[in-house]
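Coordinate analysis (summary)
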Amino acid sequence: MDKARIGVVGLGTMGSALALNMAEKGFDVAVTNRSADRLPVFLEKAGPLAPRLVTAKTPEDLVAALDTPRIVLLMVPAGAAVDDQIALYRPLLGKGDVIVDAGNADFHDTRRRAEDLGAAGLHFLGLGVSGGEEGARHGPSMMAGGTQAAWAAVSDILQAIAATFRGQPCAAHLGPDGAGHFVKTVHNGIEYADMQLIAEIYGLFRADGRAPAAIGEVFEAWNQGPLMAYLTEISAKVLQATDPETGQPMVDVIADRAGQKGTGRWTVIEAQKLGQPATTTEAAVAARAWSAAAAAREAGKGLFPPPDKLHGPIPTEGDLEKALLAGRVLALSQGFALLAAASEEYDWSLDLAATAEVWRAGCIIRSGLLDDITQAFRVGVPHGLLQFAPHFVAILAETTPALRRTVAAAAVAGVPIPALSAALASYDTMRTARGTTNLIQAQRDFFGAHGFERVDAKGAHHGPWGG
Ligand code: NDP
């Protein structure tokens, strides 16, 4: 074969799927991997695509196999592994060549790397990729951040391998340096929130004695309506799956302890730094952290009796459907507000409509809502809050009474629902013009003489606390 258009470094789950996707779309791809024994296994797996693939045992071999400008796409774990790979490839590449980091990087690292490599005449693209292995193999959603030149060098490849929504590729250049990785981080933060909302609804059904398979059937039906989403669809499937070893529902043999790799936590940290309330994601991250405290929860079960059963029943199926929809809208609204705040802080000029567009297919949070979100941002969203856009005002008017009944019933029944509760609190807060932080200001002034603004006069004032 002629020289390859692109080199893929890291043939793990995602890298090998992306390389095969590129080969299938007609690009010649050079590949390498830290452990060379993966190379023949990969070629074997490639089957009829093998003629479009060339394996390289060393960085020098990989670079020698590439056409110019040479494009090296890294698909290795975030952090030191990316810096190590950049250090290996940097001396082998020249002006105008491109390094793409397609892993889930911390966007602060991406900004630093873009600056360093830019100073050396190299282009750097921080590429968020979503869709898991299946997406990477057959059409992921991709969020790019970097220079226009870096995007121009790889955009034909990325758009060819991306998922499509009504014929439009779900891959876009969203801004400079860390913009793509930040958008991917917030995507994952919204994903955490949505997964937690779904899990809480499942928990309410379980508290009402519903079996997993029956709950799965409800999710399956919901996936035909306004709750249509990849996460609704897969939840329906996993709830209906049976453990081949015990014959039990699969979810019943899975430990109640959730893992996390960091993007949810990063979302919350960045939201805090930017003064943005991402409370549904915070609740989801906290729920995973609490899940790790299994022994303490077991002890708590013995210490505190459950609420008595005299209170009303678990909400109806119809209420739970609407509560989940309201929660999903509010989680998305928080996510987009966070993106807008970061865009302002880092001067990215993020196009939020384009961001929603690339999430319409291929990614984990794809749902029937994202096309409407795209339209809402095209027209403009009052106060930067998606929930204030007329289409979503109407959805929330229809669904929040059910969310309210659900949160109330869960509280009475003693079923923890941190994300649904956070969603309702954010909704109620943003429809309350005068809240209670006047008292916070009075307290701050009392103990720290911090001063406060008056409703009837400008400037800093103090209260008569000293007597
Ligand atoms: P895997 O664990 O499947 O593969 C990791 C790859 O990186 C392997 O090829 C491994 O090589 C290589 N690698 C690991 N450590 C180093 C190192 N220190 N130096 C060089 N190479 C190294 O991971 P994934 O493919 O799942 O993930 C890759 C990236 O993609 C991560 O940033 C992840 O967060 C991101 N991502 C993952 C998604 C998923 O659903 N899995 C979805 C979206 C993004 P070796 O064979 O030698 O171990």
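Residues numbered from 1 in each chain as written. Predicted model: local features only at pLDDT ≥ 70, side-chain atom pairs only at ≥ 80, totals over all residues. Heavy atoms only, no water.

The ligand sits among 20 residues. The nearest are Thr-13, Met-14, Asn-33, Ser-35 and Arg-38. Gly-12 is positioned with one of its backbone polar atoms (N or O) 3.1 Å from an oxygen atom of the ligand. One of the backbone nitrogen or oxygen atoms of Met-14 is found 2.8 Å away from an oxygen atom of the ligand. Within the residue set of the shell around the ligand, elements represented by two or more residues are helix 1 (13–24) and helix 4 (80–89). Of the residues belonging to the shell around the ligand, the class tally is eight nonpolar, nine polar and three charged. (Near = heavy atom within 4 Å. Polar contact = N/O pair within 3.5 Å; in protein donor to acceptor, adjacent residues only side chain to side chain. Helix = DSSP H or I, 4+ residues; strand = E, 2+ residues; numbered from the N terminus. Nonpolar A, V, L, I, M, F, W, Y, C, P; charged D, E, K, R; others polar.)

It is worth spelling out the sheet that holds strand 5 (residues 98–101) at this point. Reading across the sheet, the eight strands line up as 3-2-1-4-5-6-7-10 and stay open at both edges, with mixed pairing between neighbours. Among the strands making up the open sheet, the edge pair consists of strand 3 (53–55) and strand 10 (171–175). Taking each pair of neighbouring strands and ignoring which way they run, the sheet shows an average axis angle of 25 degrees. The pairing of strand 1 (residues 6–9) with strand 2 (residues 29–32) spans four bridges and is classified as parallel. What sits directly across from Ile-6, in strand 2, is Val-29. Helix 2 (residues 38–46) rests against strand 2 and strand 3 of the sheet, and its axis sits at about 165 degrees to strand 3. (Pairing = 2+ DSSP bridges. Axes fitted to C-alpha atoms, helices over the stretch in contact; angles between N-to-C directions. Contact = heavy atoms within 4.5 Å.)

Interhelical geometry of helix 8 (residues 179–207) versus helix 9 (residues 212–222) gives an angle of 130 degrees and a closest axis separation of 10 Å. Judged by the inter-axis angle, helix 8 sits oblique to helix 9. As helix 8 runs across helix 9, the sense of the crossing is right-handed. Note on element contacts: helix 9 touches helix 8 through Pro-212, Ile-215, Val-218, Phe-219 and Trp-222, opposite Ile-198, Ile-201, Tyr-202, Phe-205 and Arg-206. (Parallel < 35°, antiparallel > 145°, perpendicular 65-115°, else oblique. Left-handed = near helix turned anticlockwise from the far one by under 90°.)

Counting residues in each nonpolar core, the largest one holds 80 residues, and the members touching the most others are Phe-336, Trp-359 and Ile-373. A total of 15 residues in this core trace back to one element, the largest contributor, which is helix 14 (residues 317–346). Trp-359 has contacts with Ser-141, Met-143, Val-183, His-187, Ile-190, Phe-336, Leu-339, Ile-365, Arg-366 and Leu-370, leaving out every residue within four places of it along the chain. (Core = buried A, V, L, I, M, F, W, Y, C linked by side-chain atoms within 4.5 Å. Buried < 20%, exposed > 50% of the residue type's maximum accessible area, 1.4 Å probe, protein only.)

Distances and angles like these do not, on their own, reveal function.
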